[in-house]
Amino acid sequence: MSVELITLLFFGCLFVSLFLGLPVAFGLGGTAVLFAAIFSPRSLMVVPSAFYSTPWNSILVTIPLFLFMGNLIRYSGIADAAYDAVYKLIGHIAGGLAAGTVGVCTIFAAVTGITPPATITMGQIAYPSMMRYNYDRSIAIGSIAAGGALGALIPPSVPFIFYGLLANASIGDLFLAGVVPGLMLAFFYALYITVRCYFQPHIGPPLPPDMKFSRREKIGSVWRIWPFVVLITIVLGVIWGGIATPAEAAAFGATGAFLINLAYGRLTWAVLKDSLVTTVKLAGMGLWILIGANAFLNVFNTLGSQRLITELVLAMPGGTTGVLLMMMLVILVLGMVMDDWAIIMLCTPIFMPIVDALGVDRIWFGVLFIVNIQVAYLTPPFGFVLFWIKSILPRDVTMGDVYGSIWPFVALQLLGLSLVFIFPEIALWLPNLMD
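Residues numbered from 1 in each chain as written. Predicted model: local features only at pLDDT ≥ 70, side-chain atom pairs only at ≥ 80, totals over all residues. Heavy atoms only, no water.

Named according to an unreviewed UniProt entry, the protein chain is TRAP transporter large permease protein originating from Sediminicurvatus halobius. One UniProt comment on the protein chain, placed under Sequence similarities (unreviewed entry), says "Belongs to the TRAP transporter large permease family." The Function (unreviewed entry) field of the UniProt record for the protein chain holds the comment "Part of the tripartite ATP-independent periplasmic (TRAP) transport system." (UniProt positions renumbered as here; feature names shortened; annotations may be inferred.)

Here it is in structure tokens:
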């Protein structure tokens, strides 16, 4: 059988297994075993090697540590303290609570590295507050969803860690490269909210005039979040300064989060147990997907499919720009039906030979990849953030309400993706500056 037909069947079998609801790790690994057994029994040897070699990569230590740090921070009260600061500082501005929600999510992203904590926590805190002050439902939901998705891009981003591991790219440089695009998108969201609410104050009314706060109250509300700002600065600073490896910085961050909870009197046995269980579940899921992806890609290479894909893609019209746009479209479409970690682990090793053949910077491509993943978080039918936020909103909020709220923010994400694509220095300026 020709390599072309084997490759087509290879992908077809994978996507059928995923659409049937098989776990991603089993879909990837099962497809690899099936095709190895049928077309190249010798390549079955690469499957056990994926099981034994994958977990020993030292960079994987960072993932459970950053996840544990993020899970502990979720219980520390940072969301309440930061939202209280937003409420007192800019609540009197039209759209201030929604724009401030984006700001709080940005801070949350910088201490968690994933999207669920900010999305779920701010859905529980910010949504009822905005409804109490007669905010339009769409602007309230949209600000929480878009802000929550920033966790995939702003360091210490776990998606960046997976991408760096598979692309053999510097985790520290990827973290640096994500800062400006992440802050740029947060600024776009806040600007859109405030401008729209300025012209349509009924969708995001300011707080009542009689609700005023003294300067002392405002300063006090900001002061309460200083431990988290210090933690973020130190954890990322030691990586960027070359003082510690990402794994060592992650260990420091997890310890810092533990001590902050202890100092604030929030470290109960239930909090510690839930944080550990959630960390183990998420890290275990990621490791199994990574093992399945490695088995899939080892067999994929052995059968000659990787070489075929690379040759076909490089032969496409449009040169480098056309090929990159095609890869971005593939990621965007996959994001509508697949988990983000699975997309990274499946596509990164397939795309890297093409990226290298084009002479494209792996750090810049990684930022394009993860910004695109952000778009996938908000696009139906599979957008993860949409389901997380629906799970914690009141029952009268329908899935249609959630879908209808996100399109302006998806447009801003695509604008941000386009700007990073056209102007690579948006992503590369900070890493180049620190070299």
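Chemist: Quick question: what am I supposed to make of the state of the cysteines here?
Modeler: Covalent bonding between the sulfur atoms of two cysteines is what defines a disulfide. Using the criterion set out here, one finds zero disulfides in the structure. The cysteine Cys 13 is free of any disulfide, with Cys 347 supplying the nearest cysteine sulfur at 17 Å. Cys 13 gets classed as partly exposed once you look at its relative accessible area, which sits at 24%. (Disulfide = S-S within 2.5 Å. Buried < 20%, exposed > 50% of the residue type's maximum accessible area, 1.4 Å probe, protein only.)

Chemist: Would you explain helix 10 (residues 171–199) in this entry?
Modeler: For an α-helix the count is 3.6 residues per turn, leaving residues at separations of three or four pointing the same way. Look at helix 10: 42 Å from first C-alpha to last across 29 residues, which is about the 42 Å you get at 1.5 Å a residue. At Val 179, helix 10 is bent by approximately 25°, the largest bend along its length, and proline Pro 181 sits one to four residues beyond. One side-chain oxygen at the N-terminal end of helix 10 lies 3.4 Å from the backbone nitrogen of Gly 172; it belongs to Ser 170. (Helix = DSSP H or I, 4+ residues; strand = E, 2+ residues; numbered from the N terminus. Expected span 1.5 Å × (residues − 1). Bend = angle between axes of the 7 residues up to and from the residue. Polar contact = N/O pair within 3.5 Å; in protein donor to acceptor, adjacent residues only side chain to side chain.)

Chemist: Explain the nonpolar core to me, please; I cannot follow it from the model alone.
Modeler: A general trend in soluble globular proteins is that nonpolar side chains are found buried together. Formed by 159 residues in total, the largest nonpolar core has its most connected members in Met 130, Phe 296, Phe 351, Phe 365 and Phe 369. The element contributing the most residues to this core is helix 17 (residues 340–358), with 13 residues. Once you skip the residues sitting within four places of it in the chain, Phe 369 turns out to touch Tyr 163, Met 328, Ile 331, Ile 343, Ile 344, Cys 347, Thr 348 and Phe 351. (Core = buried A, V, L, I, M, F, W, Y, C linked by side-chain atoms within 4.5 Å. Contact = heavy atoms within 4.5 Å.)

Chemist: How should I be thinking about the pattern of salt bridges in this particular structure?
Modeler: Any two side chains of opposite charge can pair, on the condition that their charged atoms come close. What the rule picks out here adds up to four salt bridges. Note that Arg 137 is salt-bridged to Asp 401, the shortest N-O span being 3.2 Å. Separated by 264 residues along the polypeptide, Arg 137 in helix 8 (residues 137–149) and Asp 401 in helix 20 (residues 399–405) bring together distant segments of the chain. Each of Arg 137, Asp 396 and Asp 401 takes part in one network of salt bridges that share partners. (Salt bridge = Lys/Arg side-chain N within 4 Å of Asp/Glu carboxyl O.)

Chemist: Looking at this structure, I do not really get helix 1 (residues 3–19). What am I missing?
Modeler: Taking 1.5 Å of rise per residue, 17 residues should cover 24 Å, and helix 1 covers 24 Å from first to last C-alpha, within 8% of that figure. Elements in contact with the buried residues of helix 1: helix 2 (24–39), helix 14 (269–302), helix 15 (305–314) and helix 17. Of the residues trailing helix 1, Gly 21 is marked for its positive phi of about 95°.

Chemist: Quick question: what am I supposed to make of the environment of Ser 405 here?
Modeler: Structurally, the position occupied by Ser 405 is in helix 20. Given a relative accessible area of 3%, Ser 405 falls into the buried group. Along the chain, Ser 405 and Ala 146 lie 259 residues apart, while their C-alpha atoms are 9.9 Å from each other. In this structure, Ser 405 is in contact with Ser 138, Ile 141 and Gly 142, ignoring residues within four places of it in sequence. Within the structure, Ser 405 has its side chain in polar contact with the backbone oxygen of Val 402 (distance 2.8 Å).

Chemist: Please clarify how the packing of aromatic side chains should be interpreted in this entry.
Modeler: Note on aromatic pairs: each is described by the distance of the centres and the angle between the planes. One pass over the structure, following the stated rule, counts 17 aromatic pairs. Between Phe 10 and Phe 35, the aromatic rings sit 4.9 Å apart at their centres with planes inclined by 75°, giving edge-to-face as the arrangement. With Phe 10 in helix 1 and Phe 35 in helix 2, this pair connects stretches of sequence that are 25 residues apart. For Phe 35, a relative accessible area of 6% puts it in the buried group. A ring pair is formed by Tyr 192 and Phe 409, whose centres lie 5.4 Å apart and whose planes are at 85°; its orientation type is edge-to-face. Highlighted residues: Tyr 192 in helix 10 and Phe 409 in helix 21 (residues 407–422), separated in sequence by 217 residues. With relative accessibility at 1%, the residue Phe 409 sits in the buried group. (Phe/Tyr/Trp six-rings, centres within 6.5 Å; stacked < 30°, edge-to-face > 60°.)

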